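Commentary on secondary and tertiary structure
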Amino acid sequence: MSISIPALLVLIVIAAVCGALGKAIAGSVRGGLLVSIVLGFIGALLGPWVAGMLKLPEPLMINIGGHPFPVLWSIIGAALFVAIIHLISRRR
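Structural notes, computed from the coordinates. (Residues numbered from 1 in each chain as written. Predicted model: local features only at pLDDT ≥ 70, side-chain atom pairs only at ≥ 80, totals over all residues. Heavy atoms only, no water.)

Here's the deal with the overall build of the protein
Condition: Secondary structure follows DSSP: runs of H or I at least 4 residues long count as helices, runs of E at least 2 residues long count as strands, and numbering of each begins at the N terminus. Only C-alpha atoms enter the radius of gyration, while the globule expectation follows 2.2 Å times N to the 0.38, with N the number of residues. Two residues qualify as a contact provided that any one of their heavy atoms is within 4.5 Å of a heavy atom in the partner residue. Reported accessibility uses the Shrake-Rupley method at a 1.4 Å probe radius. Residues are deemed covered only where the shown protein chains occlude them.
Assigned secondary structure in the protein consists of 3 helices and 2 strands. The N-to-C order of helical and strand elements in the protein reads α-α-β-β-α. By the compact-globule yardstick of 12 Å for 92 residues, the protein fits well, its C-alpha radius of gyration being 13 Å. For the C-alpha atoms alone, the extent of the protein along its principal axes is close to 45 × 30 × 20 Å. For the protein, restricting intrachain contacts to residue pairs at least 6 apart in sequence, the fraction spanning at least 24 positions comes to 62%. Taken as a whole, the protein presents about 6,100 Å² of accessible surface, with 74% of it coming from carbon and sulfur.

Looking at the pairing of strand E2 (residues 67-70)
Basically, it comes down to this: Note on pairing: two strands pair once DSSP finds at least 2 bridges between them.
Note that strand E1 (residues 61-64) and E2 share 4 bridges and pair antiparallel. Looking at the pairing, Ile64 lines up with His67 of E2. The loop that links E1 with its antiparallel partner E2 comprises 2 residues; one of these, Gly65, has a positive phi angle of about 60°.

A closer look at the packing of aromatic side chains
Basically, it comes down to this: Under the pairing criterion, centres of Phe, Tyr and Trp rings, with the six-membered ring standing for Trp, must be within 6.5 Å; the plane angle then separates stacked pairs below 30 degrees from edge-to-face pairs above 60, leaving the rest tilted. Here's how the labels work: a residue is buried when its accessible area is under 20% of the maximum for its type, exposed when over 50%, partly exposed in between, all with a 1.4 Å probe on protein chains only.
Counted by the stated rule, this structure contains 1 aromatic pair. Aromatic pair Phe41 and Phe69: ring centres 6.3 Å apart, planes at 90°, arrangement edge-to-face. Placement of the pair is Phe41 in helix H2 (residues 33-53) and Phe69 in strand E2, with a sequence separation of 28 residues. With a relative accessible area of 30%, Phe41 lands in the partly exposed category.

Honestly, that's just the spatial picture; any functional story needs more than this.
Listed below in structure tokens is the structure:
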């Protein structure tokens, strides 16, 4: 499995946008670009897993360098992950 440098950069930018949107949906304001990138990739793992469990299709899939990236489920997965983190780390 190999990916070119330009395809990797495009993938990172899309993951950053998906992570930032997921953070915004969940109501998080902390973290910068690196956190958004990580959230985008975590969302890309968590979102399709949840969709598969619920037997839901992927309406927006982008192929980058021959590798599919689930945009919509990445955003939803990132928002879900941020919400779970907020629930776990809630301070009283």
